[in-house]
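Single-letter residue listing:
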Amino acid sequence: MSTIAAFYGGKSILITGATGFLGKVLMEKLFRTSPDLKVIYILVRPKAGQTLQQRVVQILNSKLFEKAKEVCPNVHEKIRAVYADLNQNDLAISKGDMQELLSCTNIVFHCAATVRFNDHLRHAVQLNVTATQKLLLMASQMPKLEAFIHISTAFSNCNLKHIDEVIYPCPVEPKKIIDSMEWLDDAIIDEITPKLIGDQPNTYTYTKALGEMVVQQEGGNLNVAIVRPSIVGATWQEPFPGWVDNLNGPSGLIIATGKGFLRALRATPMAVADVIPVDIVVNLTLAVGWYTAVQRPKSTLIYHCTSGNLNPCYWGKMGFQVLATFEKIPFERAFRRPNADLTSNTFTTQYWNAVSHWAPAIIYDFYLRLTGRKPRMTKLMNRLLRTVSMLEYFINRSWEWSTCNTEMLMSKLSPEDQRVFNFDVRQLNWLEYIENYVLGIKKYLLKEDMAGIPEAKQHLKRLRNIHYLFNTALFLIAWRLLMARSQMARNVWFFICPPYNL
Ligand SMILES: CCCCCCCCCCCCCCCCCCCCCCCCCC(=O)SCCNC(=O)CCNC(=O)[C@H](O)C(C)(C)COP(=O)(O)OP(=O)(O)OC[C@H]1O[C@@H](n2cnc3c(N)ncnc32)[C@H](O)[C@@H]1OP(=O)(O)O
Ligand SMILES: NC(=O)C1=CN([C@@H]2O[C@H](COP(=O)(O)OP(=O)(O)OC[C@H]3O[C@@H](n4cnc5c(N)ncnc54)[C@H](OP(=O)(O)O)[C@@H]3O)[C@@H](O)[C@H]2O)C=CC1
């Protein structure tokens, strides 16, 4: 019997961000391995016209939860959605709910965050810093609390090259930032944002660093730990390979490449692609919850959940494998044949942007206009290239994360726990993982049917023929123009194809 699974039995667990990518996989694993847990409280807000209950039902009815429901058929009864909005100062939790949460919770997993790189600083601070502070305050009033696990990011100190499992101080105290967000207006915040974030690439990594400082400063008397995952990708093994449900991290760019929109990228092929499967992150997080509660370490321990130092994969290799997978498993209705030119040179990137992105988009929009339809490709391209520019920072650099605490924790696990809560990234076979990742994107994100693969392949063949035809026509036109203007070109032509009467 797994000690960790047994530990969660009978427990009341509070999860924030349970409707997100990581939160869903965390819940699923808890239900599957500890079906006798007492209750999972999840802090949820209504969204997209759906009530809390509808959101929960939708999550539980997804394929992700099929196995969990077999093991724990009464999962609906064990999940309790509590209305909350972490954007509100009091988190908008009702008095009754608050009372129940305070008196019953044993473990807190704080996953909620805004992960958008370009969020307004006020909003990012509210969610990633202030809400963390409020949750810690709540936690400090929970008599039965055994552990508070905060999910941060390995990139919270990405202004450094080598990152240890410690909290690095931020130049301005989080409390001062929180206070200033209350009275500064948006225009002033916009103006001071670049100065505040300094050498951090965006408001996301900056506020996640502030959030860690808050945990250190205000979680002192609690049993707290921080997990720092790198770029979280699709599931590796559990509950099945390749599950993914949002565009974050590499997923969006894999779609853009597979659909033939993105054909070149400013990326360093030899930079480490520090992707980590979401099930590894969840396994480590649950092991951290157990260890923190049972061993009660004296200080706040930080756990890096990264792949680069133990089993590195590089962007060049990842790109190559993604493209190889498209040969076998193409996406439907591609705009162009998938291809990707990686270059770390800015001038070459601009050239590829003009030739591979803007030119086809403009030509296609011209064709749409001619056929009486609304042009849309240049707009889409504009959005895509803006997104790419936001991600470029992370695909042109490598970082070294020390993983002493993570390795220490692994050594404390029994062989059974090491199997059930496996977070040993050395066992991951990248080629297999990437293939399953692409397949998962096709099935679970794009919702494409496998039966459509032969047609998708046919479509790519047609695109290839159009491409050859287009290039041949372009070459002939260019050559004809050259012949009209250059004696040398005419001489070459007559040398190759002498006129009949000679
Ligand atoms: C060498 C290369 C090899 C390649 C080889 C090539 C060949 C093979 C293929 C390639 C293979 C591998 C690829 C390698 C690259 C991986 C890079 C990963 C880096 C990640 C680092 C993460 C580090 C930190 C980890 C963390 O700790 S945090 C978790 C990560 N956090 C995020 O990943 C948030 C990102 N997102 C945003 O930050 C916002 O989304 C924002 C984008 C600003 C737009 O923001 P905005 O302009 O305001 O507008 P939106 O409405 O948001 O979006 C507007 C529209 O873009 C859509 N769209 C949102 N996102 C994405 C996205 N990703 N990708 C694509 N589209 C996206 C959205 O659907 C909407 O489309 P629509 O619905 O309009 O049609
Ligand atoms: N994905 C990644 O690559 C990485 C993620 N992380 C960290 O992991 C954690 C989880 O990320 P991930 O699951 O990918 O992110 P998602 O964007 O998928 O999920 C974010 C979660 O936060 C919730 N949330 C956001 N705003 C509010 C709010 N105002 N009130 C209540 N809930 C809110 C969302 O709820 P709703 O559904 O209502 O929007 C959702 O459940 C984050 O802390 C992130 O920083 C760290 C490294 C990499």
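An unreviewed UniProt entry annotates the protein as Fatty acyl-CoA reductase of Pipistrellus kuhlii. Turning to the protein, the UniProt record has this under Function (unreviewed entry): "Catalyzes the reduction of fatty acyl-CoA to fatty alcohols." Word for word, the UniProt comment on the protein under Sequence similarities (unreviewed entry) is "Belongs to the fatty acyl-CoA reductase family."

**Q** Whenever I open this one, the overall build of the protein confuses me. Can you help?
**A** Helix and strand counts for the protein stand at 20 helices and 13 strands. Over its C-alpha atoms, taken along the principal directions, the protein stretches across nearly 105 × 55 × 45 Å. Counting every position in the protein, which comprises 502 residues, the buried fraction comes to 53%. Contacts spanning at least 24 positions in sequence make up 84% of the contacts within the protein whose residues lie at least 6 apart. When the 55 positive and 42 negative side-chain charges of the protein are each reduced to one mean point, those points stand 8 Å apart.

**Q** I would appreciate a short explanation of a nonpolar patch on the surface in the present structure.
**A** On the surface, a cluster of nonpolar side chains totalling about 490 Å² of accessible area is made up of M488, V492, F495 and I496. Looking at the secondary structure, you find I496 in helix α20 (residues 487-496).

**Q** Looking at this structure, I do not really get the pairing of strand β11 (residues 301-305). What am I missing?
**A** Moving residue by residue along a regular strand, the side chains alternate between the two faces of the sheet. Along β11, 5 of the 5 residues are buried, which leaves the element largely enclosed by surrounding structure. Burial along β11 is two-sided: the residues L301, Y303 and C305 and I302 and H304 are all buried. For strand β7 (residues 224-229) and β11, the ladder comprises 5 bridges, and the chain directions are parallel. Residue pairing for β11: V227 is matched across the bridge by Y303.

**Q** Even after reading the chapter, I still don't get the pairing of strand β1 (residues 12-16), so can you show me in this structure?
**A** Across the 5 residues that make up β1, a large majority, 5, are buried. Here β1 shows no split at all, with S12, L14 and T16 on one side and I13 and I15 on the other all buried. As paired strands, β1 and strand β2 (residues 39-44) are joined by 5 bridges and run parallel to one another. Bridge pairing in β2 places I15 opposite I42. With helix α2 (residues 21-33) bridging β1 and its parallel neighbour β2, the resulting β-α-β unit is right-handed. Looking at chain direction, β1 and strand β4 (residues 107-110) are connected through 4 bridges and run parallel. Bridge pairing in β4 links L14 to V108.

**Q** What is the right way to read the sheet that holds β1 from this model?
**A** With parallel pairing, 7 strands are arranged side by side in an open sheet as β3-β2-β1-β4-β5-β7-β11. Pairing within the sheet leaves two strands with one partner each, and these edge strands are β3 (79-83) and β11. Neighbour to neighbour, the strand axes of the sheet diverge by 20° on average, direction disregarded. Of the strands in this sheet, β2 and β3 are in contact with helix α3 (residues 52-60), which crosses β3 at around 145°.

**Q** Where do I start with the site of ligand 1 in this structure?
**A** If you check the shell around ligand 1, you find 29 residues, and the closest are R116, F117, Y204, W315 and R386. At a separation of 2.8 Å, an oxygen atom of ligand 1 approaches a polar side-chain atom of Y204. At a separation of 3.1 Å, an oxygen atom of ligand 1 approaches a polar side-chain atom of R383. Taken by itself ligand 1 offers 1400 Å² of open surface, and the protein chains cover 83% of this. Put simply, the parts of the chain that give the shell around ligand 1 at least two residues each are α11 (251-258), α13 (315-328) and α15 (377-395). With 7 residues, the single largest contributor to the shell around ligand 1 is α15.

**Q** Any chance you could explain α3 here in plain terms?
**A** A turn of α-helix holds 3.6 residues, and therefore any two residues three or four places apart point the same way. Buried residues of α3: L52, R55, V56, I59 and L60, and no others. Taken around the axis of α3, the buried residues stretch over an arc of 130°, which confines them to a single face.

**Q** What am I meant to see in the UniProt feature "transmembrane region" (unreviewed entry) in the protein here?
**A** Taking the numbering used here, the UniProt-annotated feature "transmembrane region" (unreviewed entry) corresponds to residues 466-483. Span residues 466-483 is 100% helix and 0% strand, its end C-alpha atoms 25 Å apart.

**Q** What should I look at first to understand the nonpolar core in this one?
**A** Counting residues in each nonpolar core, the largest one holds 108 residues, and the members touching the most others are I15, I42, F109 and L409. For this core, the leading source of residues is helix α12 (residues 278-295), giving 11 residues. Leave out the neighbours within four places in its chain, and F109 touches Y8, I13, L14, I15, T16, L26, L30, I149, T285 and L286. Membership of the second largest hydrophobic core comes to 44 residues, among which are A84, L91, I93 and M142.

**Q** Got a minute to help me understand a positive patch on the surface in this structure?
**A** Where like charges cluster on the molecular surface, the positive patch consists of K374, K379, R383 and R386. With relative accessibility at 60%, the residue K379 sits in the exposed group.

**Q** Could you clarify how one ought to interpret the domain arrangement of the protein in this entry?
**A** Domain annotation for the protein reports domain 1 (3-244 + 270-310 + 399-415) and domain 2 (449-502). Each of domain 1 and domain 2 has a C-alpha centre, and these two points are 55 Å apart.

**Q** Hey, could you run me through the environment of H459 in this one?
**A** Mapping H459 onto the fold places it in helix α19 (residues 453-485). When the C-alpha atoms of H459 and R336 are compared, they prove to be 9.5 Å apart, with 123 residues separating the residues in sequence. If we ignore the near neighbours within four places in the chain, the residues touching H459 are R333 and A334.

**Q** I keep staring at the site of ligand 2 and nothing clicks. Help me out?
**A** In the vicinity of ligand 2, 27 residues are found, and the nearest of them are T19, R45, K47, R55 and Y204. For ligand 2, a nitrogen atom lies 3.3 Å from a polar atom in the side chain of N87. In the environment of ligand 2, an oxygen atom lies 3.4 Å from a nitrogen or oxygen atom belonging to the backbone of A113. Relative to its free-state accessible area of 890 Å², ligand 2 is covered by the protein chains to the extent of 91%. At the level of elements, α2, α10 (203-218) and β8 (231-233) are the ones that each hand at least two residues to the shell around ligand 2. Classifying every residue of the shell around ligand 2 gives 14 nonpolar, 8 polar and 5 charged.

**Q** Mind showing me how you'd approach empty space enclosed by the protein here?
**A** Rolled over the atoms, a probe as big as a water molecule pinpoints where empty space is left. This model, assessed by the stated rule, comprises 3 cavities of 30 Å³ or more. H304, T306, L310, T406 and F423 are the residues nearest the centre of the largest cavity, which is lined by 13 residues in total. Contributing elements (two or more residues each) for the lining of the largest cavity: α12, β11 and α16 (404-412). Considering each element in turn, the lining of the largest cavity owes the most residues, 3 residues, to α16. Its residues assigned to classes, the lining of the largest cavity shows 8 nonpolar, 4 polar and 1 charged. Reported here for the second largest cavity is a volume of approximately 40 Å³. Around the second largest cavity, the lining residues are F155, I231, V272, D274, F394, R397, S398, W399 and W401.

The rules behind these values
- Residues numbered from 1 in each chain as written.
- Chains lettered and ligands numbered in written order.
- Predicted model: local features only at pLDDT ≥ 70, side-chain atom pairs only at ≥ 80, totals over all residues.
- Heavy atoms only, no water.
- UniProt positions renumbered as here; feature names shortened; annotations may be inferred.
- Helix = DSSP H or I, 4+ residues; strand = E, 2+ residues; numbered from the N terminus.
- Buried < 20%, exposed > 50% of the residue type's maximum accessible area, 1.4 Å probe, protein only.
- Contact = heavy atoms within 4.5 Å.
- Lys, Arg positive; Asp, Glu negative; His and termini not counted.
- Charge placed at Lys NZ, Arg CZ, Asp CG, Glu CD.
- Patch = residues over 30% accessible without salt bridge, like charges linked within 9 Å, V, L, I, M, F, W, Y side chains within 5 Å.
- Areas by Shrake-Rupley, 256 points an atom, 1.4 Å probe, with all protein chains shown as cover.
- Salt bridge = Lys/Arg side-chain N within 4 Å of Asp/Glu carboxyl O.
- Pairing = 2+ DSSP bridges.
- Right-handed = clockwise from strand over helix to strand, strands pointing away.
- Axes fitted to C-alpha atoms, helices over the stretch in contact; angles between N-to-C directions.
- Near = heavy atom within 4 Å.
- Polar contact = N/O pair within 3.5 Å; in protein donor to acceptor, adjacent residues only side chain to side chain.
- Arc of directions from axis to C-beta.
- Core = buried A, V, L, I, M, F, W, Y, C linked by side-chain atoms within 4.5 Å.
- Domains from an automatic or database assignment.
- Nonpolar A, V, L, I, M, F, W, Y, C, P; charged D, E, K, R; others polar.
- 1 Å grid on protein atoms, 1.4 Å probe; cavity = no way out; pocket = protein on both sides within 12 Å on 5 of 7 lines; lining within 4 Å.
- Points joined across faces, edges and corners; volume = space filled by probe spheres on them.

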